Structure formats: C-alpha cells, structure tokens
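So the chains spell out like this:
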Amino acid sequence: MASRLGYVCCLLLLFVASPCWAVKPTAPEAVAGASLVDAERVIELAQGLPDLLILDSRRGNEYAMGHIEGALNILDTELTEQRLAELTQDKDHPLLFYCNGPRCLRSSNAAAKAVSWGYRQVYWFRGGWMSWTEKQYPISY
C-alpha cells in the first residue's frame, strides 16, 4: 500500500510540475538605460549611423544560420567589459543588441551589461531574429 501511495504521489508531482518545465522565460519589456527599437528602427539606425555596432547575442550555430548584415556574434555570457572595450572604448558609440526574440533573454542581458559599463547609446531590439525574419528583411550568412 505504501509503495502504491508513493507511486501515485510521484505521478501527481510529475503532472503538477511539468507545466513549469514548459514555461520559457520572457524578455523584459524594457532595459533601463537602453532604447527599445523595432525592426524598422533597426534599419533606420543602420542607415543613419554608419558606425552602429550590431551585436548578435545568439549562440554561434544560430548566428551561422543567418544574421543581420554586419552583426558581430558575441554570446551574452561571453560579453565582458574588456571585450566590448576592444570593439569600442567610446562610451557614446551606438550599440544595438538582439537575439532570438521576446522569449530570449540574451540580448537584454548584454544590453544591460553595456549600460552598466557606462555606454550611453544602447539600443535593444527585443523582437530580434524572430521579428526580423517574419518581416523577411535581408539576412547575411
């Protein structure tokens, strides 16, 4: 009887806990100190700011399957203050961060890091790769 009760409890726990495993985190609505932009604004920024540094925070294999033209691939966990300073020490240099979209936290994490290090022109493309490809905007490989 005790083993049957234990079995039932384990099954119940599996059914109750499994929705928690299926829930993916959602990126925040905003990153303090960064300007939230949509895909159209990304194009405007790229055309209006020739020195715009576009940082793709996705994994290398995702980047290899396609990315926004001119984007550099640096995973958020690999972005350090020193690594960003190697790209630009100018705290007013415009930086744009993106990843897979609203269910991806990598670009929000990376943008928040840049802001915390004193960068003042930080743009965050929350819609990311998902929005970019839905709009069928040009991609690079």
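Located above this text is the structure these notes cover.
Residues numbered from 1 in each chain as written. Predicted model: local features only at pLDDT ≥ 70, side-chain atom pairs only at ≥ 80, totals over all residues. Heavy atoms only, no water.

1. Quick look at helix α5 (residues 106-116)
Along α5, the residues that are buried comprise R106, S107, S108, A110, A111 and A114. Those residues of α5 that are buried lie in contact with α3 (60-64), α4 (81-87), β4 (95-98) and β5 (122-125). Phi for G118, located one or two positions after α5, is positive at around 100°. (Buried < 20%, exposed > 50% of the residue type's maximum accessible area, 1.4 Å probe, protein only. Helix = DSSP H or I, 4+ residues; strand = E, 2+ residues; numbered from the N terminus. Contact = heavy atoms within 4.5 Å.)

2. Overview of the pairing of β5
The side-chain alternation of β5 yields two buried faces, one formed by V122 and W124 and the other by Y123 and F125. Judged from the 3 bridges that link them, strand β1 (residues 35-37) and β5 form a sheet pairing that is parallel. Within β5, the residue paired with S35 across the bridge is Y123. As defined by bridge partners, β4 adjoins β5 across 4 bridges and the pair is classed as parallel. Among the inter-strand pairings, L96 is bridged to a residue of β5, identified as Y123. Read as a crossover between parallel neighbours, the route from β4 over α5 to β5 is right-handed. (Pairing = 2+ DSSP bridges. Right-handed = clockwise from strand over helix to strand, strands pointing away.)

3. Here's the deal with the environment of A30
With respect to the helices and strands, the residue A30 is situated in the loop between α1 (2-22) and β1. Taking relative accessible area as the criterion, A30 reaches 52% and is therefore assigned exposed. On a C-alpha basis, the gap between A30 and S108 in space is 8.1 Å, while along the polypeptide they are 78 residues apart.

4. Digging into the sheet that holds strand β2 (residues 53-56)
In spatial order, the strands read β1-β5-β4-β2-β3; together these 5 strands make up an open sheet with parallel pairing. Either end of the sheet is taken by a strand with one partner, and the two such strands are β1 and β3 (72-73).

5. What about the pairing of β4?
Burial along β4 is two-sided: the residues L95 and F97 and L96 and Y98 are all buried. Taken together, the 4 bridges between β2 and β4 define a ladder with parallel strand orientation. In the strand pairing of β4, I54 is matched with L96.

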